[in-house]
Amino acid sequence: VGLAGWMAWVAGSFVGALVNYAINYFWVFDSRPGHAHAFPRFMAVAGVGLAVNAAAMYLLTVGAGLHYLVAQVLATALVLVVGFLLNARWTFGSKR
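Thoughts on the overall build of the chain
When its secondary structure is counted, the chain shows three helices and zero strands. Projected onto the principal axes, the alpha-carbon positions of the chain cover approximately 45 × 40 × 20 Å. Taking all 96 residues of the chain together, the buried fraction comes to 22%. Taking all contacts inside the chain whose residues are at least 6 apart in sequence as the whole, residues at least 24 apart take part in 53%.

Below you can see the structure in the form of structure tokens.
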């Protein structure tokens, strides 16, 4: 398409976030709150996930001296759990 690498990353991240939101809203949590309520919260949780990932990567690579690939696997698992719990309890008000 001729986009610079960073532009493609931004576009892919945006589309990925929208798809992830739709999947979580309609299928994972079968959400009741409207999009005006849920979408800003979902994006806030995504921001928290980014911060948790960055902090975990720093602590695991610089602090603990782990290889970056091992650190990323562990950080990704942590972000998955944190994101799911925040979305279940705050974003979508899951019945679970």
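Past the structure itself, the notes keep going.
Here we look at unusual backbone geometry
If you check the backbone angles, Asp30 has positive phi at about 45° while not being a glycine. If you trace the backbone, Asp30 turns up in the loop between α1 (5-28) and α2 (35-63). Given a relative accessible area of 36%, Asp30 falls into the partly exposed group.

Regarding the nonpolar core
Looking at soluble globular proteins, one finds that nonpolar side chains tend to be buried together. Core analysis: the largest hydrophobic core is formed by seven residues, namely Tyr21, Tyr25, Phe29, Ala38, Phe42, Ala88 and Phe92. Contributions of two or more residues to this core are made by α1 and α2. Sequence-distant contacts of Phe92, defined by excluding residues within four places in its chain, comprise Tyr21, Asn24, Tyr25, Phe29, Ser31, Pro33, Ala38, Phe42 and Asn87.

Considering the packing of α2 against helix α3 (residues 68-91)
A packed helix pair is summarised by two numbers, namely the angle formed by the two axes and the spacing between the axes. Contact geometry of α2 with α3 gives a least axis separation of 8 Å together with a crossing angle of 155°. As the angle between them shows, α2 and α3 are arranged roughly antiparallel. Like other packed secondary-structure pairs, α2 and α3 cross with a definite hand, here right-handed. Looking at the contact of α2 with α3 residue by residue, the class counts come to 17 nonpolar, nine polar and one charged.

Here's the deal with α2
Between its terminal C-alpha atoms α2 stretches 40 Å, which fits the 42 Å expected from 29 residues at 1.5 Å a residue. Among the residues of α2, Ala38, Phe42, Val45, Gly49, Ala56, Met57 and Leu60 are the ones counted as buried. Buried residues along α2 sit against α1 and α3.

Conventions we followed
Residues numbered from 1 in each chain as written. Predicted model: local features only at pLDDT ≥ 70, side-chain atom pairs only at ≥ 80, totals over all residues. Heavy atoms only, no water. Helix = DSSP H or I, 4+ residues; strand = E, 2+ residues; numbered from the N terminus. Buried < 20%, exposed > 50% of the residue type's maximum accessible area, 1.4 Å probe, protein only. Contact = heavy atoms within 4.5 Å. Core = buried A, V, L, I, M, F, W, Y, C linked by side-chain atoms within 4.5 Å. Axes fitted to C-alpha atoms, helices over the stretch in contact; angles between N-to-C directions. Parallel < 35°, antiparallel > 145°, perpendicular 65-115°, else oblique. Left-handed = near helix turned anticlockwise from the far one by under 90°. Nonpolar A, V, L, I, M, F, W, Y, C, P; charged D, E, K, R; others polar. Expected span 1.5 Å × (residues − 1).

In short, geometric facts, not functional conclusions.
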